Amino acid sequence: MKSSTFNLVSSYYLSFNKNRFKFFTNAGGLKKPDIKDILERDAEIYKNFAVEAVMNSKKITSTSVKRVDYMTVYTSDLVKAVRKAAGDTGSFPNHISNPVYKPAMKAITQVVLNNKADLGIIFDTDVDRLVVVDSTGREFNRNRLIALMSAIVLEEHIGTPIVIDSVTSDGLTMFIEKKLGGKHHRFKRGYKNIIDEAILGEESHLAIETSGHGALKGNHWLDDGAKNLTLWFCFLYYTRQPVKILNKLASARAAGLYGGSKVLIDLVDGPEEPVVVEEMRLKINRKRPNLKEGICGSFRDYGEAMLNQLENRTDSDPKFQKAPINFEGVSVSGFGGWFLLRLSFHFPVLPLNIEAPSYEDAVKLGLIVDAAVKENLWTHLH
Ligand SMILES: O=P(O)(O)OC[C@H]1O[C@H](O)[C@H](O)[C@@H](O)[C@@H]1O
């Protein structure tokens with residue numbers, strides 16, 4: 001079906017009372033500034049309506065339009081269906097619908113193992129994120145999912161840059177660049193950011209986030225990531241050739257070699273996995289700011305001031321090296337690992353990601369952040 005816009009209504013994985021709308025045009029999904037612009041223009045139009053004009057149009061509408069209570073009928077079916085599947089609470093019956101949530105992963109892993117399946121795929125509510133499980137129950141999420149998709153894309157598009165969010169590991173860079181011969185373009189957090197970067201920057205074929213969001217050039221960069229990645233992954237590539245993974249699984253099985261796991265593991269044989277991978281989300285204590293005079297108000301101002309404090313410290317400490325290319329927050333390597341402190345995309349917190357070869361090294365990395373920001377945070381590192 002050809003259409004110029006569509007609207008997706010979906011539930012939100014973080015909270016049952018924050019369901020949402022997503023807007024798309026045939027040029028891709030709308031970003032926050034686009035939606036802000038639409039709402040502001042609507043508000044402006046509404047404000048400029050004269051009361052008399054509104055009354056008139058209501059009068060005309062009431063005489064010329066026949067009212068049909070379609071929504072009650074439509075939603076009653078929907079409500080019945082949801083209640084039947086999920087009970088009366090409005091919540092998902094088993095676990096929240098988040099593919100990186102541990103109980104959700106446990107459930108899919110169990111289903112794969114019980115059914116001796118070659119492959120399991122789990123989505124979130126609006127089917128824009130996915131995680132894959134192989135036949136041994138090994139999870140392909142975060143860096144490993146990216147490694148897998150990169151291996152498939154780079155077989156076809158030799159040397160292409162893979163645009164990825166900012167929290168991917170150094171092992172993944174080595175894997176993409178040294179083993180697969182591609183380029184690891186570590187950009188910013190936010191799936192729309194990486195898609196836009198892939199469209200506007202050097203020609204690329206895959207934009208993918210550690211969160212499980214992703215988009216392919218071959219699918220018009222649609223940010224309905226999981227659906228597109230899965231279609232591509234499993235069934236049909238845009239060139240209309242049947243694709244790699246299922247082919248590989250099927251031919252390995254037919255030759256009596258092995259099942260799903262070996263095929264997937266062979267594809268991503270290589271990325272070194274860090275011993276410690278941590279994410280902490282730090283809250284700012286705005287009542288006890290120890291920041292420069294004149295910084296007032298917004299979370300963003302405080303957050304950025306704290307990032308500056310941290311940057312000053314790491315710049316003057318020879319144990320740390322600033323990431324040569326970095327698009328958000330403070331990204332520094334040291335003690336065989338690295339950390340990134342940045343502003344959250346949606347929430348008034350500073351996510352801190354640390355990767356290190358040992359727990360002791362992770363603590364050393366964490367301590368420099370703690371020293372720079374502790375007076376201004378609710379949450380201290382521990
Ligand atoms: O910045 P954070 O709070 O970690 O959130 C970042 C995430 O926000 C949303 O979930 C977006 O859909 C993701 O694309 C993004 O990665």
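See above for the structure.
Bear in mind that the values here come from a model prediction, so they are computed numbers and not experimental data. (Residues numbered from 1 in each chain as written. Predicted model: local features only at pLDDT ≥ 70, side-chain atom pairs only at ≥ 80, totals over all residues. Heavy atoms only, no water.)

Visitor: I would appreciate a short explanation of the overall build of the chain in the present structure.
Guide: From N to C terminus, the chain includes 12 helices and 15 strands. Burial analysis of the chain (382 residues in total) assigns 42% to the buried set. Summed over its atoms, the accessible surface of the chain is roughly 22000 Å², and 57% of this surface lies on carbon and sulfur atoms. (Helix = DSSP H or I, 4+ residues; strand = E, 2+ residues; numbered from the N terminus. Buried < 20%, exposed > 50% of the residue type's maximum accessible area, 1.4 Å probe, protein only. Areas by Shrake-Rupley, 256 points an atom, 1.4 Å probe, with all protein chains shown as cover.)

Visitor: Just to check I follow, could you spell out the site of the ligand for this structure?
Guide: The full set of residues close to the ligand is Arg-189, Gly-190, Tyr-191, Glu-209, His-213, Arg-281, Arg-342, Ser-344, Phe-345, His-346 and Phe-347. In this structure, an oxygen atom belonging to the ligand sits 2.8 Å away from a side-chain N or O atom of Arg-342. Here His-346 contributes a side-chain N or O atom positioned 3.1 Å from an oxygen atom of the ligand. When isolated, the ligand has an accessible area of 390 Å², and the protein chains bury 89% of it. Grouping the constituent residues of the shell around the ligand by class yields 3 nonpolar, 4 polar and 4 charged. (Near = heavy atom within 4 Å. Polar contact = N/O pair within 3.5 Å; in protein donor to acceptor, adjacent residues only side chain to side chain. Nonpolar A, V, L, I, M, F, W, Y, C, P; charged D, E, K, R; others polar.)

Visitor: So what exactly am I meant to see when it comes to the pairing of strand 4 (residues 119-123) here?
Guide: Residues in a regular strand project their side chains so that they alternate between the two faces of the sheet. Summarising the sheet, strand 4 and strand 5 (residues 130-134) pair through 5 bridges and their orientation is antiparallel. Within strand 5, the position partnered with Ile-121 by the bridge is Val-132. Linkage of strand 4 to strand 5, two consecutive antiparallel strands, is achieved through a turn of 6 residues, within which Val-127 is found at a positive phi near 55°. (Pairing = 2+ DSSP bridges.)

Visitor: Explain the pattern of salt bridges to me, please; I cannot follow it from the model alone.
Guide: Side chains that differ in sign of charge can pair as their charged atoms come close. Across all of its chains, the model carries 19 salt bridges by this definition. Across the pair Lys-217 and Glu-203 runs a salt bridge, and its minimum N-O distance is 2.6 Å. Within this pair, whereas Lys-217 is found in the loop between strand 10 (214-216) and helix 8 (225-235), its partner Glu-203 is found in the loop between helix 7 (191-200) and strand 9 (206-208), the two being separated by 14 residues in sequence. Ionic pairing is found between Lys-322 and Glu-311, a salt bridge with its closest N-O pair at 3.1 Å. Of this pair, Lys-322 sits in strand 12 (residues 321-322) while Glu-311 sits in helix 11 (residues 299-315); the two residues are 11 residues apart in sequence, bridging distant segments of the chain. Taking relative accessible area as the criterion, Lys-322 reaches 46% and is therefore assigned partly exposed. The class of Glu-311 is partly exposed, set by a relative accessible area of 25%. Among the ionic contacts, a cluster of salt bridges with common partners joins Lys-22, Asp-126 and Asp-128. (Salt bridge = Lys/Arg side-chain N within 4 Å of Asp/Glu carboxyl O.)

Visitor: Looking at this structure, how should I read the nonpolar core?
Guide: In this structure, Val-132, Ile-162, Ile-164, Leu-206, Ile-208 and Leu-229 are the most contacted members of the largest nonpolar core, which totals 29 residues. Looking at this core, the elements with two or more residues in it are strand 5, helix 5 (142-156), strand 7 (161-164), helix 6 (170-179), strand 9, helix 8, helix 9 (244-254) and helix 10 (260-267). Considering each element in turn, this core owes the most residues, 9 residues, to helix 5. Dropping the residues within four chain positions of it, Ile-164 is found in contact with Ile-146, Leu-172, Ile-176, His-184, His-185, Arg-186, Phe-187, Lys-188, Ile-194 and Ile-208. Ranked by size, the runner-up nonpolar core spans 24 residues in total, among them Val-276, Leu-352, Ala-356 and Leu-365. (Core = buried A, V, L, I, M, F, W, Y, C linked by side-chain atoms within 4.5 Å. Contact = heavy atoms within 4.5 Å.)

Visitor: Would you take a moment to explain helix 3 (residues 70-86) for this structure?
Guide: Residues three or four positions apart in an α-helix share a direction because the helix packs 3.6 residues into each turn. Taking 1.5 Å as the rise per residue, helix 3 with 17 residues should run 24 Å; its terminal C-alpha atoms sit 24 Å apart, in good agreement. Immediately beyond the C-terminal end of helix 3, within one or two residues, lies Gly-87, with a positive phi of roughly 80°. (Expected span 1.5 Å × (residues − 1).)

Visitor: Can you walk me through the sheet that holds strand 9 in this structure?
Guide: Pairing between the strands of a sheet is mediated by backbone hydrogen bonds and can be parallel or antiparallel. The strand order across the open sheet built from 4 strands is 8-7-9-10, with neighbouring strands paired in mixed fashion. The strands lining the two open edges of the sheet, one partner per strand, are strand 8 (183-186) and strand 10. Sheet twist, expressed as the mean angle between neighbouring strand axes with direction ignored, is 20°. Bridge count between strand 7 and strand 9: 3 bridges; the pairing is parallel. Bridge pairing in strand 9 places Ile-164 opposite Ile-208. Contacts from helix 5 reach strand 7, strand 9 and strand 10, with the element oriented near 175° to strand 9. (Axes fitted to C-alpha atoms, helices over the stretch in contact; angles between N-to-C directions.)

Visitor: Just checking my understanding: could you explain the environment of Asp-317 for this structure?
Guide: Tracing the backbone shows Asp-317 in the loop between helix 11 and strand 12. Within the structure, the side chain of Asp-317 is placed 2.9 Å from the backbone nitrogen of Lys-319, a separation counted as a polar contact.

Visitor: Just to check I follow, could you spell out the sheet that holds strand 4 for this structure?
Guide: Taken in spatial order, the 3 strands line up as 4-5-6 in an open sheet, and their pairing is antiparallel. Looking at strand neighbours, the two that pair on one side only are strand 4 and strand 6 (139-140), the edges of this open sheet. The sheet contact formed by strand 5 and strand 6 spans 2 bridges and is antiparallel. Bridge pairing links Val-132 to Phe-140 in strand 6. Along the sheet face, helix 4 (residues 102-114) touches strand 4, strand 5 and strand 6 and points at about 150° away from the line of strand 4.

Visitor: Please clarify how unusual backbone geometry should be interpreted in this entry.
Guide: Trans peptide bonds make up most of the peptide bonds, and negative phi angles are found at most residues other than glycine. At Arg-142, a position not held by glycine, the phi torsion is positive, near 40°. Within the element layout of this structure, Arg-142 appears in helix 5. Even without being a glycine, Phe-335 presents a positive backbone phi close to 50°. Here Phe-335 lies in the loop between strand 13 (330-334) and strand 14 (337-341). Judged by its relative accessible area of 27%, Phe-335 is partly exposed.

Visitor: Mind showing me how you'd approach a nonpolar patch on the surface here?
Guide: Side chains of Val-68, Tyr-70, Met-71, Tyr-74, Leu-78 and Val-82 sit close together on the surface and give an oily, nonpolar patch of about 620 Å² of accessible area. Within the element layout of this structure, Val-82 appears in helix 3. A relative accessible area of 44% means that Val-82 is categorised as partly exposed. (Patch = residues over 30% accessible without salt bridge, like charges linked within 9 Å, V, L, I, M, F, W, Y side chains within 5 Å.)

Don't take any of this as a statement about function, it's just geometry.
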